[in-house]
Amino acid sequence: MQKESLWEQYVKGEERTIKKLNGDIRTDVLIIGGGIAGILCAYRLKKAGVSCVVVEQENLLEGVTGNTTAKITAQHGLIYHKLKQTYGTETAGQYYEINQMAVKEYWKLAEQIPCDMEKKTACIYSTANKRKLEKEAYLYETLRIPYVWQESAPLPMQICGALGMKEQAQFNPAKLLLSLAAELDIYENTRVLDIEEGMAFTECGTIQAEQIVLATHFPMINIPGGYFVKLYQRKSYVLAVKDGPQIDGMYIDEKKDGFSFRNYKEYLLLGGGGHKTGTGSGGYEILEELVLKSYSDKKIAFAWSAQDCMSLDGIPYIGHHSKKRSHIFIATGFNKWGMTGAMSASIVLEQMLTRGKSDFEKLFSPQRSMIHPQLLINLGSALGNILRPGRRCTHMGCALRWNPQERTWDCPCHGSKFSENGSVLENPAKKRLKK
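Rules and cut-offs
Residues numbered from 1 in each chain as written. Predicted model: local features only at pLDDT ≥ 70, side-chain atom pairs only at ≥ 80, totals over all residues. Heavy atoms only, no water. Pairing = 2+ DSSP bridges. Helix = DSSP H or I, 4+ residues; strand = E, 2+ residues; numbered from the N terminus. Disulfide = S-S within 2.5 Å. Buried < 20%, exposed > 50% of the residue type's maximum accessible area, 1.4 Å probe, protein only. Core = buried A, V, L, I, M, F, W, Y, C linked by side-chain atoms within 4.5 Å. Contact = heavy atoms within 4.5 Å. Polar contact = N/O pair within 3.5 Å; in protein donor to acceptor, adjacent residues only side chain to side chain. Patch = residues over 30% accessible without salt bridge, like charges linked within 9 Å, V, L, I, M, F, W, Y side chains within 5 Å. Areas by Shrake-Rupley, 256 points an atom, 1.4 Å probe, with all protein chains shown as cover. Salt bridge = Lys/Arg side-chain N within 4 Å of Asp/Glu carboxyl O. Axes fitted to C-alpha atoms, helices over the stretch in contact; angles between N-to-C directions. Parallel < 35°, antiparallel > 145°, perpendicular 65-115°, else oblique. Nonpolar A, V, L, I, M, F, W, Y, C, P; charged D, E, K, R; others polar.

Chemist: Explanation requested: the sheet that holds strand β19 (residues 408-410) in the structure shown.
Modeler: Hydrogen bonding along the main chain pairs the strands of a sheet, whether they run parallel or antiparallel. Taken in spatial order, the four strands of this open sheet run β18-β19-β20-β21, and their pairing is antiparallel. Both outer strands of the open sheet, β18 (401-403) and β21 (424-426), are each paired with one neighbouring strand and no more. Examined bridge by bridge, strand β20 (residues 417-418) and β21 share two bridges and lie antiparallel to one another. Considered in β21, the bridge of K417 is made with E426.

Rendered as structure tokens:
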């Protein structure tokens, strides 16, 4: 079993021609972060005739995007019933509109770039609470979302129902992103250390830009903006089971700690074991137990983990970073739906950067109300981990927890990750650990 994703394995076999920054440059728009959100945004801006540069602190597809399950869908758990209760039916409808638009934009790209795109039905299932699915299905009818209902599914557990959203997709993100990146002005292994008015300072030169987009998973600027309390991170794990059953769809449990299933070629991608970053629950063992129980004659070929930025209300933060910094834009908090979230962000940001506004600007506004139950949970977690003794994160001083499965130091407050020797593996931390 290899501890890397299928997509990272694919990248290893491809020739790399992307360079490292060497000196000072200037551009209209600087995008910090070479994941799928940054690449798609740069691609759309270039098509609109905007001069744009992307910088990535490591190599492309070595971060969050390289560890995705690569499902493209507007079905984000039981989001629509939740949105209707919180913001009303109109907001729920607008959320579906932009995310289904994102799905269709991927299909347009796939017509030009071979990336193993397959049209699939996305299904959310329940093992014990059929009523939850029925409430969501009612919202689908209200919003005129095409759906199918299943009483059973080809899964290794008994379900009480599954709600399917038609015309969704799955793909190989490495094939798409490497092809798009070849057309863009990108600098790998170029870490941004600081940002001032119209200027980014890196380890190997400065970049002058009229506008800056932070597509760094977790924002590298906390204040103003308050992202250190508006976001938290969750870990999830994936096993690629070779010659696993073909389930002809994408399935995910309505429970946070449930399992997800989808195929890629001869592999069954089994996801689950999720937990808040920096806590000891969950992990690969839960997935391995399911494989042993249900697919004991199959081999686990690949294993990887992902870390997702979670917003307070389930809607990403896309738009102006803060009122005081109107020239800095942000795309973060995609929850567990980074593929459609990234494409939605590219659409909204391209509109805002070229036209000055977007029809979806209010929906995704980072300045919307922070008054949600999750805010108190985030604040309590941060306070508890700041007071707890232990090795300190260089981001905001929270006590780190040792992750024996991945042999890393993980921050339970904001998701920073450090290697055994203290080097930064995942932001928002910028500095290595003190010895």
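Having seen the model, we can carry on.
Chemist: It is not clear to me how the state of the cysteines should be interpreted in this structure. Could you clarify?
Modeler: The full count for this structure, using the stated rule, is one disulfide. Summary of cysteine pairing: C115 is not part of a disulfide, and the nearest cysteine sulfur, belonging to C41, is at 19 Å. Free cysteine: C160, not disulfide-bonded; nearest cysteine sulfur from C123 at 14 Å. A residue is classified by how much of its surface remains accessible, and C160, at 18% relative accessible area, is buried.

Chemist: Before we go on, may I ask you to explain the nonpolar core in this structure?
Modeler: Burial of nonpolar side chains together is a common tendency in soluble globular proteins. In terms of nonpolar packing, the biggest core is built from 84 residues, with L6, I31, Y80, Y106, F171, L176 and L269 touching the most fellow members. Look past the residues within four positions of L176 in its chain and what remains in contact with it is Y106, L109, I113, C115 and F171. I212, F218, M220 and L312 belong to the second-largest nonpolar core, a separate cluster that totals 26 residues.

Chemist: Mind showing me how you'd approach the environment of W149 here?
Modeler: You can see W149 is positioned in strand β5 (residues 147-150). When the C-alpha positions of W149 and G161 are compared, they lie 7.3 Å apart, and in sequence the two are twelve residues distant. Setting aside residues no more than four positions away along its own chain, W149 makes contact with K130, L133, E134, C160, G161, A162 and L163. Polar contacts involving the side chain of W149 include one to the side chain of E151, which spans 3.0 Å.

Chemist: Help me understand the side chain of N67 in this model?
Modeler: Tracing the sequence through the fold places N67 in the loop between β2 (52-55) and β3 (71-72). Owing to a relative accessible area of 12%, N67 belongs among the buried residues under this scheme. Setting aside chain neighbours within four positions, we find N67 in contact with S5, E8, E62, W304, S305 and A306.

Chemist: Would you mind going over a nonpolar patch on the surface with me for this structure?
Modeler: On the surface, L383, I386 and L387 cluster together into a nonpolar patch covering about 310 Å² of accessible area. Relative to the helices and strands, L383 resides in helix α11 (residues 373-387). The exposed category is assigned to L383, whose relative accessible area is 53%.

Chemist: I tried to follow the pattern of salt bridges on my own but got confused; where do I start?
Modeler: Pairs can form between side chains of opposite charge once their charged atoms are near each other. Under the criterion given, the structure shown has 17 salt bridges. Taking the shortest distance from any N to any O, the salt bridge between R26 and E210 comes out at 3.1 Å. One end of the pair, R26, is in strand β1 (residues 25-32); the other, E210, is in strand β10 (residues 205-214), with 184 residues separating them in the sequence. We classify E210 as partly exposed; its relative accessible area is 48%. D313 is paired through a salt bridge with R368; the nearest N and O atoms lie 2.8 Å apart. One end of the pair, D313, is in the loop between β15 (299-310) and β16 (317-322); the other, R368, is in the loop between α10 (361-364) and α11, with 55 residues separating them in the sequence. D313 sits in the buried class, given a relative accessible area of 3%. Overall, R368 belongs to the buried group, its relative accessible area being 13%. Through salt bridges that share partners, R26, D28 and E210 make up one connected network.

Chemist: What should I look at first to understand the packing of helix α4 (residues 89-112) against helix α9 (residues 338-355) in this one?
Modeler: A pair of packed helices is characterised by two quantities: the angle between their axes and the separation of those axes. It is at 8 Å that the axes of α4 and α9 come closest, and there the two elements cross at 90°. Our classification of the angle between α4 and α9 gives roughly perpendicular. Taken together, the residues of α9 that come into contact with α4 (itself represented by I98, N99, M101, A102, V103, E105, Y106 and L109) are M339, T340, G341, M343, S344 and I347. The residue inventory of the contact of α4 with α9, partitioned by class, reads nine nonpolar, four polar and one charged.

Chemist: What is the right way to read the pairing of strand β14 (residues 267-276) from this model?
Modeler: Within a regular strand, the side chains alternate between the two sheet faces. In terms of burial, β14 is a largely internal element, ten of the ten residues being buried. Bridge analysis of strand β11 (residues 232-242) against β14 gives eight bridges, and the strand direction is antiparallel. Bridging from a neighbouring strand, Y237 pairs with G272 of β14. Here five bridges tie strand β13 (residues 260-264) to β14, and the two strands are oriented antiparallel to one another. What sits directly across from N263, in β14, is L268.

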